[in-house]
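Each chain, written out:
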Amino acid sequence: MSTSGTVAFNLDLNNLIEEAFERTGTELRTGYDMRTARRSLNLLTIEWANRGINLWTIEQGQILFTTGQGLYPMPVDTIDILDAVIPIKLTSILVVFQRLLGQQSLIS
């Protein structure tokens, strides 16, 4: 399935704050709630900028693993990896435990 590459979704700040309140099970009741939520969002984005995490510079990537290879080169423009997921099969974990514990086969 091909995509057009265009995005029409644009959530304004008021709707974003209202959605956040709803997800926490509360209701946006006063202007003070809106003002404090806006201040919290500003502080959060300032913190991210100070830590060097600019959301418009984050890119997702994928590296395919090869059995027996321990090191993988990163693209030249990669500065940091913020999050990584390494899928492991349950049978592989059981084999490791079997070797460490010296027990009979844990896999039926």
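Figured I'd write up the structure that's included with this text. Remember, it's a predicted structure, so these values are computed and weren't measured experimentally.

1. Let's talk about the side chain of Asp33
- Inspection of the secondary structure assignment puts Asp33 in helix 2 (residues 31–50).
- One buried charged residue, Asp33, remains without a salt bridge, the closest side chain of opposite sign being Arg29 at 6.3 Å.
- Here Arg29 takes part through its backbone nitrogen, which lies 3.2 Å from a polar atom of the side chain of Asp33.
- Each residue touching Asp33, except ones within four places of it in the same chain, is listed here: Phe21, Glu27 and Leu28.

2. So, the pattern of salt bridges
- Summed over all chains, the structure comprises two salt bridges.
- Arg23 is the partner of Glu19 in a salt bridge, and the nearest nitrogen-oxygen pair spans 3.0 Å. Residue Glu19 and its partner Arg23 are both found in helix 1 (residues 13–23); the two are separated by four residues, about one turn of the helix.
- For Glu19, a relative accessible area of 33% corresponds to the partly exposed category.
- The partner of Glu47 in a salt bridge is Arg51, and the shortest N-O contact between them spans 3.3 Å.
- Arg51 gets classed as exposed once you look at its relative accessible area, which sits at 52%.

3. Brief notes about the environment of Ala20
- Residue placement: Ala20 occurs in helix 1.
- Through-space distance from the C-alpha of Ala20 to that of Ala37 is 9.2 Å; in sequence the pair is 17 residues apart.

4. Focus: the packing of helix 1 against helix 2
- Look at helix 1 against helix 2: their axes get within 10 Å of each other, and the N-to-C directions meet at 100°. When the axis of helix 1 is compared with that of helix 2, the two are roughly perpendicular. The segment helix 1 lies against helix 2, with Leu13, Asn14, Leu16, Ile17 and Phe21 engaging Asp33, Met34, Ala37, Arg38 and Leu41.
- Taken together, the residues that form the contact of helix 1 with helix 2 break down as seven nonpolar, one polar and two charged.

Calculation notes
Residues numbered from 1 in each chain as written. Predicted model: local features only at pLDDT ≥ 70, side-chain atom pairs only at ≥ 80, totals over all residues. Heavy atoms only, no water. Helix = DSSP H or I, 4+ residues; strand = E, 2+ residues; numbered from the N terminus. Buried < 20%, exposed > 50% of the residue type's maximum accessible area, 1.4 Å probe, protein only. Lys, Arg positive; Asp, Glu negative; His and termini not counted. Salt bridge = Lys/Arg side-chain N within 4 Å of Asp/Glu carboxyl O. Polar contact = N/O pair within 3.5 Å; in protein donor to acceptor, adjacent residues only side chain to side chain. Contact = heavy atoms within 4.5 Å. Axes fitted to C-alpha atoms, helices over the stretch in contact; angles between N-to-C directions. Parallel < 35°, antiparallel > 145°, perpendicular 65-115°, else oblique. Nonpolar A, V, L, I, M, F, W, Y, C, P; charged D, E, K, R; others polar.

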